[in-house]
Amino acid sequence: RIIYPYPEELPSKNARSIQALNTVCALAKYVPVYFFPSDFNDNVFRYYGLKKPEKLNIKKIKRKWGPFVWSGRYIKKLREEVEKPGEKSAPVFIYTRHIKLAYLLLKSKPKNARVIYEVHEIFSQKNPRIADVERYVFEHADGLTFISGGLRESVIEAIAREVPSCIIPSGVAIRQNALRKDTSSTCNEVFYVGSTRYEWKGIKVLLEAVSKLDGVRLNIVGEVNTKVKQLPAFESLKKRQRIKEWGYIPPVNVPDVLGRAIIGVLPTSDDKLISKKFTSPLKLLEYMAAGMAIVASDLPSTREIVNEEEALLVKPGNPDSLAEGIKKLIEDPELRNTLA
């Protein structure tokens, strides 16, 4: 059995909710999976464009009552589910991406259980207070999975411990209509999908790059952060009607939007380890699955997924280099087709 605790509510606008639900659906094709979000509604699978597998059992374990959060109750109820009478003899793997949850489970591990921690970043690099918790998990987990090779390399080197581990990059579903897209038609628009909240995502550089290209319009699929809207480049593009805000779109509808898109941009910066080596960018895979031509920052994390034959790679953090890459794709339909 695989137990997948997820102490958050579903559906959610967080990208991690997409990854979590797709993960349990994928695992449940092969083994029984018990999925425990803190709350969910009846249309959660439809919201993410997924079909609930027969071997997936989903049950809520409440963690919130109004403004109050009760994590202790979540852990207690989770342990009860793991140690249910009649199922004690079955091997149990608890698979989680939540660092504090992994820590608490490892400190008081349920009988017969193995705890596998899915590593998405090194949290102590931005929050030193969690360093002891994170190190304990790295040193005591029964197994570690990583979303990138750069992340695995950094963690394994730091803990100097033999531990079962593997790299599982982000994934995406492919729709057949994407394979029939004609990317050679005239194009003066580029698309950016995802969060604008974090500077390392490179949205500021993207805005400056598009500002340098007369007549090019930027589409942002996702909610635009208030600070981003206050940037001079954003205000200028908005005033000239050269930016379109799609707002947040449920995951099930994103492929339909990208089905009409030709050029996708991944402007990730190189000033953070999470962007340079650790991330496995979901938007890059969504662009690929939608049959788009891509211009992306040339980083180790990007090259784990694509090379020069699959994307136009540009200097990270450089508006001029990004603008030049976008211009090249707009002006060269043959290159767009080749990359797509």
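Residues numbered from 1 in each chain as written. Predicted model: local features only at pLDDT ≥ 70, side-chain atom pairs only at ≥ 80, totals over all residues. Heavy atoms only, no water.

Student: Which parts of the structure should I look at to understand the side chain of threonine 96?
Tutor: Residue position: threonine 96 is located in strand β6 (residues 92-96). Residue threonine 96 is classed as buried on the basis of its relative accessible area, which comes to 1%. Engagement of the side chain of threonine 96 in a polar contact is seen with the backbone nitrogen of histidine 98, the distance being 3.1 Å. Apart from the residues lying within four places of it in its own chain, the contact partners of threonine 96 are Pro5, Leu101, Ala102, Ile116, Tyr117 and Glu118. (Helix = DSSP H or I, 4+ residues; strand = E, 2+ residues; numbered from the N terminus. Buried < 20%, exposed > 50% of the residue type's maximum accessible area, 1.4 Å probe, protein only. Polar contact = N/O pair within 3.5 Å; in protein donor to acceptor, adjacent residues only side chain to side chain. Contact = heavy atoms within 4.5 Å.)

Student: Hey, could you run me through the pairing of strand β8 (residues 143-146) in this one?
Tutor: Consecutive residues of a regular strand have side chains that alternate between opposite faces of the sheet. Side-chain alternation along β8 places Gly143 and Thr145 on one buried face and Leu144 and Phe146 on a second face that is also buried. For the crossover from strand β7 (residues 113-119) across helix α5 (residues 131-140) to β8, the handedness is right-handed. Relative to strand β9 (residues 165-167), β8 runs parallel, the two sharing three bridges. The residue bridging leucine 144 from the neighbouring strand is serine 165, located in β9. Tracing the backbone out of β8, into helix α6 (residues 149-159) and back to the parallel element β9 gives a crossover that is right-handed. (Right-handed = clockwise from strand over helix to strand, strands pointing away. Pairing = 2+ DSSP bridges.)

Student: Looking at this structure, I do not really get the layout of surface pockets. What am I missing?
Tutor: The gaps left among the atoms become clear once a water-sized probe is rolled over them. As a volume, the second largest pocket reaches approximately 340 Å³. Lining the second largest pocket we find 16 residues, and of these Arg197, Glu199, Ile203, Lys204 and Val228 sit closest to its centre. Residue assignment for the lining of the second largest pocket shows that the elements contributing at least two residues are α7 (203-211) and α8 (226-229). Among the elements that take part in the lining of the second largest pocket, α7 stands out by supplying three residues, more than any other. For the lining of the second largest pocket, the class distribution of residues is five nonpolar, six polar and five charged. (1 Å grid on protein atoms, 1.4 Å probe; cavity = no way out; pocket = protein on both sides within 12 Å on 5 of 7 lines; lining within 4 Å. Points joined across faces, edges and corners; volume = space filled by probe spheres on them. Nonpolar A, V, L, I, M, F, W, Y, C, P; charged D, E, K, R; others polar.)

Student: Explanation requested: the pairing of strand β2 (residues 33-39) in the structure shown.
Tutor: Among the seven residues in β2, five count as buried, and that is most of the element. Pairing of strand β1 (residues 2-9) with β2, which is carried by six bridges, proceeds in the parallel orientation. Among the inter-strand pairings, isoleucine 2 is bridged to a residue of β2, identified as valine 33. Taken together, β1, helix α1 (residues 15-27) and β2 constitute a β-α-β crossover, and its handedness is right-handed. In the sheet, β2 pairs with strand β3 (residues 56-58) via three bridges, with the strands oriented parallel. The residue of β3 that forms the bridge with valine 33 is leucine 56.

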